[in-house]
Amino acid sequence: MALAVAAVGALLAAAVILWLPSVHAVIWAWPLILVAFVDLVLLSAPLLGAVIVAARVTQERFTLATGLRGFSWIDVVAGLGVGLVARALVELVAPSTGGLGGGLIPDDSSVMAAMIVTLAGAVLVTPVIEELFFRGLLQRSLGDALEGAGRWVAGPVAVLFSTALFAGLHALAAGPFVPVGLLLGTVAVGLGCGVLTLLTGRLAGALTAHVAFNAVGAALLIW
């Protein structure tokens, strides 16, 4: 049942991504900060909704349903290592250009506010929701569904599949031309977070890795 809910959540997320340009055409005259907030809510809602519904229909506690149970400082250390290595790989292949902050008009407070919402969402909100869905719900439920094939099959297949869907949805959002850095970054983060979750059975490492990856990327864009 949890796997079915994850599939519906993924389909809804894809639909929102495809529908977003139409939304922008309607709200193009809105203040930029509201547009940024709408984007964040719309893109997050299907994934977070799927996680909450899965926890309800399987009658499990939220932390158990997503793998949030337990914590170790090793998770944080390992997560930081994975996140920084993934970011380093991306920067070697497709360096961030930077200068985002310098390109803003000092008096344009609406642009500044929208940028803050977008960057804060990318660092503090999106990584958490994506890890809850892709590693906490999708990878976990797929691994459970394939349990009969043995742990050495179920685990790697679940990691690969969740990574493929994670990268695929990001590529869909990028449009017809997917930047190499985006593709490499999503694959690296997906695999790294997937392996951390598989080895520890917890999400703390994956959450740390994803936040670190996005935070460094945001800092490089502003620098």
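Heads up: the structure comes first, above all this text.
Model, not experiment: these values are computed from the prediction.

(A) Main features of the packing of helix H4 (residues 73-93) against helix H7 (residues 180-200). Here H4 crosses H7 at 160°, and the two axes come no closer than 9 Å. Classified by the interaxial angle, the pair formed by H4 and H7 is roughly antiparallel. Both H4 and H7 take part in a crossing whose hand is right-handed. Contacts between H4 and H7 involve Asp-75, Ala-78, Gly-79, Val-82, Ala-86, Leu-89, Val-90 and Val-93 from the former and Val-180, Gly-181, Leu-184, Gly-185, Ala-188, Val-189, Gly-192, Cys-193, Leu-196 and Thr-200 from the latter. Looking at the contact of H4 with H7 residue by residue, the classes come out as twelve nonpolar, five polar and one charged.

(B) Summary view of a nonpolar patch on the surface. Taken together, the side chains of Val-85, Leu-89, Leu-92, Val-93 and Val-180 make up a nonpolar region of the molecular surface, amounting to roughly 490 Å² of accessible area. Tallying contributions element by element places H4 first for the nonpolar patch, with four residues. Counting through the fold element by element, Val-180 comes out in helix H7.

(C) Region of interest: the layout of surface pockets. Size it by volume and the largest pocket reaches roughly 1,400 Å³. Ala-122, Thr-126, His-170, Leu-182 and Asn-214 are the residues nearest the centre of the largest pocket, which is lined by 45 residues in total. Taken together, the elements giving at least two residues each to the lining of the largest pocket come down to helix H1 (2-26), helix H2 (32-57), H4, helix H5 (109-145), helix H6 (151-174), H7 and helix H8 (204-222). When residues in the lining of the largest pocket are grouped by element, the largest group, ten residues, is from H5. Here the lining of the largest pocket is composed, by residue class, of 29 nonpolar, 13 polar and three charged. Approximately 600 Å³ is the volume found for the second largest pocket. The wall of the second largest pocket is formed by 22 residues, among which Gly-143, Asp-144, Gly-155, Thr-197 and Leu-198 lie closest to the centre.

(D) How the structure looks around the packing of aromatic side chains. Under the definition given, this model contains two aromatic pairs. Relative to Phe-134, the ring of Phe-133 lies with its centre 5.0 Å away and its plane at 90°, an arrangement referred to as edge-to-face. Both residues of the pair, Phe-133 and Phe-134, belong to the buried class. Centroid distance Phe-134 to Phe-166: 5.1 Å. Interplanar angle 75°. Geometry classified as edge-to-face. Separated by 32 residues along the polypeptide, Phe-134 in helix H5 and Phe-166 in helix H6 bring together distant segments of the chain. Both residues of the pair, Phe-134 and Phe-166, count as buried. Every member of this aromatic cluster is reached through a ring pair, and the members are Phe-133, Phe-134 and Phe-166. Directly above the ring of Phe-166 sits Arg-135, whose terminal nitrogen or CZ lies 4.7 Å from the centroid. Taking NZ or CZ as reference, Arg-151 lies 5.4 Å from the ring centre of Trp-152, over its face.

Basis of the calculations
- Residues numbered from 1 in each chain as written.
- Predicted model: local features only at pLDDT ≥ 70, side-chain atom pairs only at ≥ 80, totals over all residues.
- Heavy atoms only, no water.
- Axes fitted to C-alpha atoms, helices over the stretch in contact; angles between N-to-C directions.
- Helix = DSSP H or I, 4+ residues; strand = E, 2+ residues; numbered from the N terminus.
- Parallel < 35°, antiparallel > 145°, perpendicular 65-115°, else oblique.
- Left-handed = near helix turned anticlockwise from the far one by under 90°.
- Contact = heavy atoms within 4.5 Å.
- Nonpolar A, V, L, I, M, F, W, Y, C, P; charged D, E, K, R; others polar.
- Patch = residues over 30% accessible without salt bridge, like charges linked within 9 Å, V, L, I, M, F, W, Y side chains within 5 Å.
- Areas by Shrake-Rupley, 256 points an atom, 1.4 Å probe, with all protein chains shown as cover.
- Salt bridge = Lys/Arg side-chain N within 4 Å of Asp/Glu carboxyl O.
- 1 Å grid on protein atoms, 1.4 Å probe; cavity = no way out; pocket = protein on both sides within 12 Å on 5 of 7 lines; lining within 4 Å.
- Points joined across faces, edges and corners; volume = space filled by probe spheres on them.
- Phe/Tyr/Trp six-rings, centres within 6.5 Å; stacked < 30°, edge-to-face > 60°.
- Buried < 20%, exposed > 50% of the residue type's maximum accessible area, 1.4 Å probe, protein only.
- Lys NZ or Arg CZ within 6 Å of the ring centre and 35° of its normal.

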